[in-house]
Amino acid sequence: MSYRDRINKVKSILSDNKLAGLYVTNLTNVRYLTGFTGSAGSILIINNEQHFFTDGRYIEQSKNQVKNCIIHIVGSAHYKEIKKEGLIHEDLHIGFESDYVSVNLFSALTQSMSNVNWEKTSGIIEKIAAVKDLTEIDSLKTAIEITDVVFDKILPDLKAGAKERDIAAKISYLFKLNGAEGDSYDSIIASGYLGALPHARPSDKEFEKGDFVVMDFGALYNGYHADMTRTVVIGESTDKHNEIYNIVLESQLAGINFAKAGVTGANLDAVCRKVIKDAGYGDKFIHSTGHGIGLEVHTHPRLSSFNKEPLLENYVVTIEPGIYLSGWGGVRIEDDCLITKDRCIPLNKSTKE
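Attention in this report is confined to the structure presented alongside it. Since this is a predicted model, take the numbers as computed values, not measurements. (Residues numbered from 1 in each chain as written. Predicted model: local features only at pLDDT ≥ 70, side-chain atom pairs only at ≥ 80, totals over all residues. Heavy atoms only, no water.)

Quick look at the packing of helix α7 (residues 134-154) against helix α8 (residues 164-177)
Here is step 1: Two elements in contact, α7 and α8, have axes whose closest approach is 10 Å; the angle formed by their N-to-C orientations is 130 degrees. On the basis of their axis angle, the class for α7 and α8 is oblique. For the crossing formed where α7 meets α8, the hand is right-handed. Touching Ile146, Thr147, Val150, Lys153 and Ile154 of α7 are Ile167, Lys170, Ile171, Leu174 and Phe175, all from α8.
Here is step 2: Partitioned by chemical class, the residues of the contact of α7 with α8 number seven nonpolar, one polar and two charged. (Axes fitted to C-alpha atoms, helices over the stretch in contact; angles between N-to-C directions. Helix = DSSP H or I, 4+ residues; strand = E, 2+ residues; numbered from the N terminus. Parallel < 35°, antiparallel > 145°, perpendicular 65-115°, else oblique. Left-handed = near helix turned anticlockwise from the far one by under 90°. Contact = heavy atoms within 4.5 Å. Nonpolar A, V, L, I, M, F, W, Y, C, P; charged D, E, K, R; others polar.)

Overview of the sheet that holds strand β8 (residues 188-191)
Here is step 1: Strand order in the open sheet formed by three strands is β8-β9-β12, and the pairing between neighbours is antiparallel. With one partner strand each, in any of the chains shown, β8 and β12 (228-233) form the two edges of the open sheet. Sheet twist, expressed as the average angle between the axes of neighbouring strands with direction ignored, equals 10 degrees.
Here is step 2: Sheet analysis places β8 next to strand β9 (residues 212-217), joined by four bridges and oriented antiparallel. By the bridge assignment for β9, Ser191 is matched with Val213. (Pairing = 2+ DSSP bridges.)

A closer look at the pattern of salt bridges
A pair can form between side chains of opposite charge whenever their charged atoms are brought close.
Here is step 1: In this structure the tally under the stated criterion is 17 salt bridges.
Here is step 2: The residue Lys352 makes a salt bridge to Asp335 at a minimum N-O spacing of 2.5 Å. Residue Lys352 is located in the segment after β19 (344-346), and its partner Asp335 is located in strand β18 (residues 335-339); the two are separated by 17 residues in the primary sequence.
Here is step 3: Shared partners join several salt bridges into a network, and the residues in it are Arg6, Asp133 and Glu136. (Salt bridge = Lys/Arg side-chain N within 4 Å of Asp/Glu carboxyl O.)

Some thoughts on the sheet that holds strand β7 (residues 182-183)
Here is step 1: Pairing is antiparallel across the open sheet formed by three strands, whose spatial order is β7-β10-β11. Sheet topology places β7 and β11 (224-225) at the edges, where each strand pairs with a single neighbour.
Here is step 2: The sheet contact formed by strand β10 (residues 219-221) and β11 spans two bridges and is antiparallel. Opposite Tyr221, over in β11, you have Tyr224 as the bridge partner.
Here is step 3: Running over the sheet, α7 touches β10 and β11 and is turned about 145 degrees from β10.

Re the packing of aromatic side chains
Here is step 1: If you walk through the whole model with that rule in mind, you get seven aromatic pairs.
Here is step 2: Here the aromatic cluster, defined as three or more aromatic residues joined through ring pairs, consists of Phe36, Phe52 and Tyr58.
Here is step 3: Positioned above the aromatic ring of Trp328, the side-chain terminus of Lys240 is 4.6 Å from the ring centre. (Phe/Tyr/Trp six-rings, centres within 6.5 Å; stacked < 30°, edge-to-face > 60°. Lys NZ or Arg CZ within 6 Å of the ring centre and 35° of its normal.)

Some words on the pairing of strand β15 (residues 316-319)
Here is step 1: By the alternation rule, side chains of β15 split into Val316 and Thr318 and Val317 and Ile319, which are all buried.
Here is step 2: Two elements, β15 and β18, share four bridges in a ladder whose sense is antiparallel. Paired with Val316 across the two strands is Leu338, which belongs to β18. (Buried < 20%, exposed > 50% of the residue type's maximum accessible area, 1.4 Å probe, protein only.)

Coordinates in, geometry out; function isn't part of it.
Here it is as structure tokens:
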């Protein structure tokens with residue numbers, strides 16, 4: 001899908017909602033619609049035009065990257081250029097991204113252009129972006145392949161005496177050596193009792209024999225985020241290790257086997273949750289089953305009990321159930337999965353032994 005196609009999809013939704021335009025300020029959405037990768041930019045979509053605003057640091061970059069927009073090089077207050085150029089006529093209904101616009105920016109918009117009817121919108125671009133085109137899927141696959149390669153390379157270092165922080169640092173280093181831009185997000189390396197914290201930060205704790213180590217990490221490639229979790233044991237596994245791990249693995253595989261286009265996020269969450277609940281650990285699965293990935297690591301859709309909308313073809317989502325036992329540790333297993341008409345395809349190849 002071209003940038004023009006993406007903008008045309010936005011315009012179609014705006015028309016359906018009787019909006020004359022949309023002011024886009026979220027940088028991820030700006031990138032999705034224009035290709036711009038800088039740290040300051042916004043877009044006004046209105047009538048048959050798109051106006052892109054940035055500052056003097058990005059004169060050359062915007063010329064090279066921004067597609068299908070009239071480029072304005074201005075100061076930090078982009079809305080002043082909108083007013084100065086009279087880009088929005090009186091009494092038009094213009095949407096803004098209510099999930100991202102600060103109170104200060106909203107106040108500035110309404111005060112400087114009081115003749116405009118500013119309307120809250122949410123998720124317009126995010127829902128379009130959730131359906132990946134082939135170029136996006138290729139970028140995600142590359143990010144995921146790099147993640148798999150790095151997992152294989154790091155396995156020999158996972159032994160008693162290794163420090164969480166050192167493993168996280170080596171993963172970051174290996175990502176770049178293997179073609180990634182860097183980390184998709186700050187890695188979670190949580191050993192022993194710290195594995196009971198789903199979003200633990202790497203510490204100076206050393207791995208010990210008998211520790212489960214929850215490793216949640218992913219490579220960033222061409223702006224697209226991989227997100228994988230594997231849980232390993234240091235030394236020999238006990239019956240308890242095997243019990244908890246196999247319950248989580250059964251839950252994850254049940255979700256993968258169930259997922260396809262048309263299944264709702266809530267249905268998929270329920271399938272994974274039932275396995276863990278039936279095993280007696282329902283209250284230890286303390287987060288949703290997964291989420292979309294793309295230009296951000298957490299995107300539409302959410303795989304949770306709150307999402308009653310069906311999954312669509314070419315969504316790429318995570319499926320990542322877990323069990324967390326305070327004072328002992330945790331297990332989470334996560335794959336990035338492509339949703340197709342008839343099935344769900346896990347894109348990660350890393351072992352789940």
